[in-house]
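The primary structure of each chain is shown beneath.
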Amino acid sequence: ARPKKDAPKIWTTLPLVGIGNADYTWLWGKLRSFGPASQPFLVPMLDSGLTVVLPRTLIKAVYGLPERLVDVHGVQDQLMQLRWTFPDAYIRGERLQFNVVRNQLTQNIPRLTRGVAAEIRFGFLRSWGESTGWKEVRVWTSALRIVAGAANGAFCGPPLCRDVVFLDRMKDHAMTIFLGALLLNCLPRALHPILGPIFSCVSGFAARRATRRSLPVVTERLAKTAQWKANPDTDWTPPEDALQWVIDECYTSKDPEAQLLPTRVCQRLLFVNDISMLTTAYAAQNLLLDLFSTDPALRYAETLRQECETALRNAGGEWTHAAVQELRLVDSALRESMRMSPFGTLGLPREAIHPAGIQLGDTPVRLPSRTCMALPLEAIHYDETIYPHATRYDPFRFVTRQGVAEPRVKSTATLDDSFLAFGVPGKWACPGRFFALLELKIFVAELLLNYEVEYLKERPKPIYMMWSRYPPDVKIQVRRRGGCDPECVQGGVASTPMAGVLRGH
Ligand code: HEM
């Protein structure tokens, strides 16, 4: 139904946070106190203008609406300023790389596990070293490199996944477009036709630097694939990695000749890195900071280490998919860390696009077309009614406790409307989360099995930039463990609070 002409405007009916009241602050952390309220409210945002923040109770009703009513991809493209960062219409038009993440990458996780584990082990040795003496490392920088190497082990394999220059250039591109798009989105749209091309030059420069490194590998892969397709008896087997699956998708696309252009395939590899690298490294570094800011007397790290030890030993000393799935406590610690550090105070933006606007569930509120919406991620993740003692990092919050009648087991890949780190449950949830969790669990396991980390006096604070939280690149002291300490692995854990849980699952 079309809205009545005299329907009240939302800015006269919804509460406005941020302008004209004493609580005005650009520190969006203030929004926490509004989040759990059952009523939508308005927030002026530098990048998306006046935005309606929805309460948790409306997520299903609004985020489940069809695409003709609520836009997702257009908003995401705007967020990344794809028009300027990936100006090639082929890349923006057909997201072949998304199909690969959703299908081949996810289905092949069991097969990819060994390679990912090998790259994580290699990455730790390269970044954190072999010395059993204490060494200072930067958490964010090293986590990024390790995660990027592991991901590219599955995306394109060696030599690129071990090529520091390639990995760093991929990271530079991801950072350039993330920060550049944030800045551009804050400037008036009227200026975009002037500033957009400048931004395009900068991100294009970063893209060319990154793809220059991958181009010879991609060109060779394309040539070998073409030869193999012409004669399958050639002495070459197509590798099982995302690059090969992207090439397969290009062959079956509407316009294979154009899609198979080597620079275009390189850009797709770049795109997958852009959407996966920062998010995964962010989760890895947050877990590290959360875990090693807890009270050492609670022995959380030892408990997790023991779980990793057992899983690896049962798998014969090599990570398999089944062994990774055994890491229930690690999974819980990750979910808890992602709960405490969502990537923004507000997030998951959407736009009402139906000319008649959209109704907010069964409330009387109707949003006009072109209204931006977002969810109060921090407020929901810190809602005391859902998460008692929400500001406390409890790594075992999501696993069964012995003697508790109702188990609370919740794997991190399982989404609900109170855990939004991977998006809202349903069609638009992150399709890369199964792969991301594989990387993250092995990251945590390899870290705990091979290194000791000096505990921090307090949890370093994230850097708030408008709605987003940015990781602080703090330094920590680490040292390689000199062989497994049996006292710590077996006897020591018997006295930890989760020993019962470990025996029980
Ligand atoms: C801890 C790591 C990660 C986090 C926190 C994360 C988070 C998210 C979120 C919140 C969304 C949904 C955005 C929205 O609804 O507006 C999303 C979408 C997406 N993610 Fe992830 N992600 C992670 C890792 C990855 C990885 C490793 C990949 C690829 C290998 C990936 C690929 C994608 C893709 C392709 C989409 C877009 C899906 C679509 O719109 O059809 N993500 N991610």
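Above this text sits the structure in question.
Read on for a plain summary of the structure. Given the structure is predicted, the values throughout are model-derived calculations rather than measurements.

Its 17 residues place the ends of helix 8 (residues 139-155) 24 Å apart at the C-alpha level, agreeing with the 24 Å of an ideal helix rising 1.5 Å per residue. Most of helix 8 sits inside the fold, with 14 of its 17 residues counted as buried. In the segment just after helix 8, Gly157 is the residue with positive phi, at about 70°.

Attention now moves to unusual backbone geometry. Between Pro158 and the following residue, Pro159, the backbone shows a cis peptide bond with an omega angle of 5°. With phi around 55°, Arg299 is a residue other than glycine that occupies positive phi space. Structurally, Arg299 is set in the loop between helix 13 (262-291) and helix 14 (300-314). Of the residues examined, Arg299 reaches a relative accessible area of 25% and is grouped as partly exposed. Located in the positive-phi region is Arg370, a residue other than glycine, with phi close to 75°. In this structure, Arg370 sits in the loop between strand 7 (366-367) and strand 8 (372-375).

On to the sheet that holds strand 12 (residues 475-480), then. One open sheet accounts for 3 strands, arranged 4-12-9; its pairing is antiparallel. Only two strands of the sheet have a single neighbouring strand rather than two, namely strand 4 (135-138) and strand 9 (451-453). Taking the axes of each pair of neighbouring strands and ignoring which way they run, one obtains an average angle of 45° across the sheet. In this structure, strand 9 lies alongside strand 12, joined through 3 bridges in antiparallel fashion. Looking at the pairing, Val453 lines up with Val478 of strand 12. Taken strand by strand, helix 18 (residues 433-450) contacts strand 9 and strand 12, and its axis lies near 90° from that of strand 9.

Criteria and cut-off values
Along each chain, residue indices are assigned from 1 in the same order as the chain's sequence is written. Confidence filtering applies because this is a predicted model: local features only for residues at pLDDT of at least 70, side-chain atom pairs given and counted only at 80 or more, and all residues used for totals across whole chains, interfaces and linings. The side-chain figures draw on all heavy atoms in the structure; neither hydrogens nor water molecules are used. Counting from the N terminus, the helices are DSSP H or I runs at least four residues long and the strands are E runs at least two residues long. Under the convention used throughout, the expected extent of a helix is 1.5 Å for every residue step, that is, one less than its residue count. Whether a residue is buried, partly exposed or exposed follows from its accessible area with a 1.4 Å probe, protein chains only, as a fraction of its type maximum: under 20%, in between, or over 50%, in that order. When DSSP finds at least two bridges between two strands, those strands are taken to pair. Think of each axis as a best-fit line through the C-alpha atoms, taken over the contacting stretch in the case of a helix, with angles from 0 to 180 degrees between the N-to-C directions. Contacts: residue pairs with any heavy atoms within 4.5 Å of one another.

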